[in-house]
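Each chain, written out:
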Amino acid sequence: MPTISPSREDPVYTRIRNAASRNALPHALLFTGPGDRLAAARFAAAAMECEGGEEGDAALSREAARSEARETRKPCGVCAACHKVREDIHPDVITVRDEKHKFIGVDVVREVRKDAYIRPNEGRWKIYLFPDGSLLTEQDQNTLLKLVEEGPPYAAFFFCVENPALMLQTLRSRCVEWKLRAAAETAAEAPEGWEALCRCAAGRKRGSAAELAVRLEKRGLSREELAALLERCREAFSAALLSLYGRPAGGENRELAAALGKALTRRQIMGTIELLEKYRKECGYNVGAGHVLGALAAELEESF
């Protein structure tokens, strides 16, 4: 089943979220590397089409709504648009395939070019996902080139290919390239990652935050990796807060969100969300990850 949820804290997902929060996602993206490229492309498509904040807030209390509305979080994962992208049924997010041929036929690409000038059915964008760019022939890519460069303002094109050298340089130069890491690289970080930080914040044991900060610092996290870790932790606390208002979390956050909801008060959860968001933003400045971890640990310890 298609997914729009990152399985681990790959920095690419942080870049997508940060760009989406500023409405600055590029209209042409090239996802490369050994990671799950199509999942990342679908995540970016959901971020573009996300209606989060425009519906559903009426079901929340004022506190929960304020917590979710401090900054636009895209994709929210719960709105109708995110759901449709996840289930691969959004009418304006089109996955380009050619089941009849080994490579994508030029007629399929010409149909994409024609379709792109028809305005979106219900979304802000009309997004074309190419799951395997290596199946695009040279003729295909040349046909797409002018469309990517001069197409309608609502059209977006996300290409997925492990090796970017398989794409024509002329087309690559029109895209922003984001390289995904192998799943094994991110999975190896899980034991001392975002879940450990969540449980530390929930346990509220004196000294535990400082100890965890030291262990995380020894891993030599980059600012991007730390920002992604804090974002995953913030998402879990947000899911816990929403569950307290009758909107239980789904997926891998379900068990942890339930545990956080039982261990902490609403005020404590909201305070932790603010703290995590504060230091996630700090990662965008020219400061070391160790400095951010130390300051976060100090504030967490004060709240225990």
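Everything quoted here is computed from the prediction, not taken from an experiment. (Residues numbered from 1 in each chain as written. Predicted model: local features only at pLDDT ≥ 70, side-chain atom pairs only at ≥ 80, totals over all residues. Heavy atoms only, no water.)

Peer 1: Please give an account of the overall build of the protein chain that cites residues and values.
Peer 2: Along the protein chain, the regular secondary structure elements total 14 helices and 5 strands. For the protein chain, buried positions account for 50% of its 304 residues. For the protein chain, long-range pairs separated by at least 24 residues make up 81% of all intrachain contacts whose partners lie at least 6 apart in sequence. If you sum the accessible surface of the protein chain, you get close to 14,600 Å²; carbon and sulfur atoms cover 50% of it. (Helix = DSSP H or I, 4+ residues; strand = E, 2+ residues; numbered from the N terminus. Buried < 20%, exposed > 50% of the residue type's maximum accessible area, 1.4 Å probe, protein only. Contact = heavy atoms within 4.5 Å. Areas by Shrake-Rupley, 256 points an atom, 1.4 Å probe, with all protein chains shown as cover.)

Peer 1: I'd like to hear about the pairing of strand S4 (residues 155-160), residue by residue, with values.
Peer 2: The element S4 is largely enclosed, with a buried count of 6 among its 6 residues. Burial of the side chains of S4 extends over both faces: Ala-155, Phe-157 and Phe-159 are buried on one face and Ala-156, Phe-158 and Cys-160 on the other. In terms of strand pairing, strand S1 (residues 28-32) meets S4 through 4 bridges, oriented parallel. Residue Leu-29 lies in a different strand from S4, and its bridge partner there is Phe-158. (Pairing = 2+ DSSP bridges.)

Peer 1: Tell me about the side chain of Thr-143, and name the residues and values.
Peer 2: As for its position among the elements, Thr-143 is in helix H6 (residues 138-150). Apart from residues no more than four positions distant in its own chain, Thr-143 is found in contact with Val-106, Val-109, Arg-110 and Arg-113.

Peer 1: Any chance you could break down empty space enclosed by the protein for me, citing the residues and the numbers?
Peer 2: The final tally for this structure, using the stated rule, is 2 cavities of 30 Å³ or more. Lining the second largest cavity are Leu-197, Ala-209, Leu-212, Ala-213, Leu-216, Leu-293, Leu-296, Ala-297 and Leu-300. Of all the secondary structure elements, the ones that give two or more residues to the lining of the second largest cavity are helix H10 (208-218) and helix H14 (289-303). Tallied by class, residues from the lining of the second largest cavity come to 9 nonpolar, no polar and no charged. (1 Å grid on protein atoms, 1.4 Å probe; cavity = no way out; pocket = protein on both sides within 12 Å on 5 of 7 lines; lining within 4 Å. Points joined across faces, edges and corners; volume = space filled by probe spheres on them. Nonpolar A, V, L, I, M, F, W, Y, C, P; charged D, E, K, R; others polar.)

Peer 1: I'd like a description of the confidence of the model for the protein chain, backed by residues and values.
Peer 2: When pLDDT is averaged across the protein chain, the result is 83; 85% of the residues are at 70 or more. Contacts of residues 53-71 to residues separated by more than four positions or lying in other chains number 24 contacts, the stretch itself having pLDDT below 50. For residues 187-191, every residue scores under 50 in pLDDT, and the model assigns this stretch 7 contacts once sequence neighbours within four places are set aside. (pLDDT = per-residue confidence, 0-100.)

Peer 1: How would you sum up the layout of surface pockets? Please name residues and give values.
Peer 2: Where empty space is left becomes clear once a probe the size of a water molecule has been rolled over the atoms. Approximately 410 Å³ is the volume attributed to the second largest pocket. Taken together, 16 residues line the second largest pocket, and the ones lying closest to its centre are Thr-14, Asn-18, Arg-22, Arg-280 and Gly-284. Listed by contribution, the elements that provide at least two residues to the lining of the second largest pocket are helix H1 (11-21), helix H11 (223-244) and helix H13 (266-282). Among the elements that line the lining of the second largest pocket, the one with the most residues is H1, at 5 residues.

Peer 1: Tell me about the packing of aromatic side chains, and name the residues and values.
Peer 2: What the rule picks out here adds up to 5 aromatic pairs. When the centroid spacing of 6.2 Å and the interplanar angle of 80° are considered together, the rings of Phe-31 and Phe-158 count as edge-to-face. Here Phe-31 is found in strand S1, whereas its partner Phe-158 is found in strand S4, with 127 residues between them in sequence. Aromatic rings pair up to connect Phe-31, Phe-158 and Trp-178 into one cluster. (Phe/Tyr/Trp six-rings, centres within 6.5 Å; stacked < 30°, edge-to-face > 60°.)

Peer 1: How would you summarise H1 if you had to cite specific residues and measurements?
Peer 2: An α-helical turn contains 3.6 residues, so any two residues separated by three or four positions project in the same direction. Burial analysis of H1 places 8 of its 11 residues in the buried class, the great majority of the element. Within H1, burial applies to Pro-11, Val-12, Tyr-13, Thr-14, Ile-16, Arg-17, Ala-19 and Ala-20. Against S1, helix H2 (37-49), strand S5 (176-179) and H11 lie the buried residues of H1.

Peer 1: Help me get a handle on the pattern of salt bridges, residues and values and all.
Peer 2: When charged atoms on two side chains of opposite charge get close, those side chains can pair. Under the defined criterion, the tally for this structure stands at 17 salt bridges. With a shortest N-O distance of 3.8 Å, Glu-277 and Arg-234 are connected by a salt bridge. Separated by 43 residues along the polypeptide, Glu-277 in helix H13 and Arg-234 in helix H11 bring together distant segments of the chain. Assigned by exposure class, Glu-277 and Arg-234 land together as buried. Bridged by salt links that share partners, the residues Arg-17, Glu-231, Arg-232, Arg-234, Glu-235, Glu-277 and Arg-280 form one connected network. (Salt bridge = Lys/Arg side-chain N within 4 Å of Asp/Glu carboxyl O.)

Peer 1: An account of the sheet that holds strand S3 (residues 126-130) is needed here, citing residue identities and associated values.
Peer 2: Hydrogen bonds between backbone groups are what pair the strands of a sheet, and the pairing can be parallel or antiparallel. In spatial order, the strands read S2-S3-S4-S1-S5; together these 5 strands make up an open sheet with parallel pairing. Each having just a single partner strand, strand S2 (93-95) and S5 make up the two edges of the open sheet. For this sheet, the mean angle separating the axes of adjacent strands, direction not counted, is 20°. Strand direction decides the pairing type here: S1 and S5, joined by 4 bridges, are parallel. Counted as the bridge partner of Thr-32 is Lys-179 from S5. Against the sheet, H1 makes contact with S1 and S5, and its axis sits at roughly 140° relative to S5, the strand it touches most. (Axes fitted to C-alpha atoms, helices over the stretch in contact; angles between N-to-C directions.)

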